[in-house]
Amino acid sequence: MGNNLKAIVAFVPFNNCQKYLLEDLEEMPVDKMVDLSSRQLRRLPLHICSFRELVKLYLSDNNLNHLPPELEQLQNLQILALDFNNFKVLPLVVCTLKQLCILYLGNNKLCSLPLELRLLQNLKTLWIESNCLQYLPEVVCELSLLKTLHAGSNALRTLPPQLQCLQELRTIWLSGNLLSDFPPVLLNMPFLEVIDVDRNSIRFFPSLAHLPGLKLVIYDHNPCRNAPKVAKGVRRVGRWSEETPEPRKRSGAVIDITLDEKPLLPPAAKTKPE
């Protein structure tokens, strides 16, 4: 009943209705965090933009498709969660928040990212999973401090060679895309620690044994005929990993061996960073 009522109230812009949705949030919290997730909001209340010392703003699971220009006042913001909304384009005002370290954009309707994203040079974690991306926007390759990139559940078929410029990148999640080949650029990124290409269409894996930083590779649910070779101590999750040998060829036929092990997938829903 409560959520249904909020859904109705969200259409009504009167102040009293907005207070109901915000539960009388009139002053900036002491912890400098505002969580307005799952409030059925269709617009961001402007008075939130007056909390100039705000560090964390969670707007997940609402009905937002735009943001007010006044958001630019939040120049101390480090974490912004816009996932599970209705954004078709990323509002440019987000790109003015130059202290952002973590940006959640997953589960929207984004087909691209603006070039202005390059202004977020402090960004270390970017979640763009479950959107409508047919290619990884090259502007992502200009985020020089990026450590974690979650681009799963899109329609990516390849990755730009410029990605190797991200020498701080340690984890890349690419599960649930349309990759038919293992992205060659990843072979030139020795600093990667986690590579996830689960649930793609990769038929052959090159050797990854030359990647000294690699700790985990997830390659399950691909129509592959081999497992990627890795250095000693690197964990593989997929067919023919540590527990069973690769199939032997007999008269040109391949004997498939499957595992019962459940693959280690990235979290289905994010947890709020400390």
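Thresholds applied
- Throughout, residues of each chain are indexed from 1 in the direction in which the sequence is written.
- Restriction of local features to residues with pLDDT of at least 70 applies here, the model being predicted, together with a cutoff of 80 or more for giving and counting side-chain atom pairs; totals for whole chains, interfaces and linings are based on all residues.
- Hydrogen atoms and water are omitted, and side-chain values are computed over all heavy atoms in the structure.
- By definition, a salt bridge exists where a carboxyl oxygen of Asp or Glu is found within 4 Å of a side-chain nitrogen of Lys or Arg.
- What counts as a helix is a DSSP run of H or I of at least four residues, what counts as a strand is a run of E of at least two, and both are numbered from the N terminus.
- For the exposure calls, accessible area comes from a 1.4 Å probe over protein chains only, and a residue counts as buried if that area is under 20% of its type's maximum, exposed if over 50%, partly exposed in between.
- Note on contacts: a residue pair is in contact if any heavy atoms of the two residues lie within 4.5 Å.
- The criterion is simple. A nonpolar core is a set of buried Ala, Val, Leu, Ile, Met, Phe, Trp, Tyr and Cys residues joined through side-chain atoms within 4.5 Å.
- Per the annotation, domain bounds derive from an automatic or database assignment of domains.

*Asks:* Before we go on, may I ask you to explain the pattern of salt bridges in this structure?
*Replies:* It is possible for side chains of opposite charge to pair when their charged atoms get near one another. In total, this model carries 4 salt bridges according to the counting rule given. With a shortest N-O distance of 2.8 Å, Glu142 and Arg118 are connected by a salt bridge. Taken together, the positions of Glu142 in the loop between β5 (125–127) and β6 (148–150) and Arg118 in the loop between β4 (102–104) and β5 put the pair 24 residues apart, joining distant regions of the chain. Looking at Glu142, the relative accessible area reads 35%, which means it is partly exposed. According to the relative accessible area criterion, Arg118 is partly exposed, its value standing at 34%. Here Lys215 ties to Glu193 by a salt bridge, and the two come within 3.9 Å at their closest N and O atoms. In this pair, Lys215 sits in the loop between β8 (194–196) and β9 (216–218) while Glu193 sits in the loop between β7 (171–173) and β8, placing the two residues 22 residues apart along the sequence. In this structure Lys215 comes out as exposed when scored by relative accessible area, which is 52%. For Glu193, a relative accessible area of 25% corresponds to the partly exposed category.

*Asks:* Explanation requested: the side chain of Thr171 in the structure shown.
*Replies:* By the element assignment, Thr171 lies in strand β7. For Thr171, a relative accessible area of 13% gives the class buried. Thr171 has contacts with Lys147, Thr148, Leu149, Leu192 and Val194, leaving out every residue within four places of it along the chain.

*Asks:* Teacher, can you tell me more about the nonpolar core here?
*Replies:* Burial of nonpolar side chains together is a common tendency in soluble globular proteins. Residues Leu163 and Leu186 are the most contacted members of the largest nonpolar core, which totals 71 residues. When residues are assigned to domains, this core turns out to be shared by domain 1 (27–102) and domain 2 (133–243), each giving three or more. If near-sequence neighbours (up to four positions away) are discounted, Leu186 is found in contact with Leu159, Leu163, Ile172, Leu174, Leu192, Ile195 and Leu211. Of all hydrophobic cores here, the second largest spans 6 residues; its members include Tyr58, Ile79, Ala81 and Trp127.

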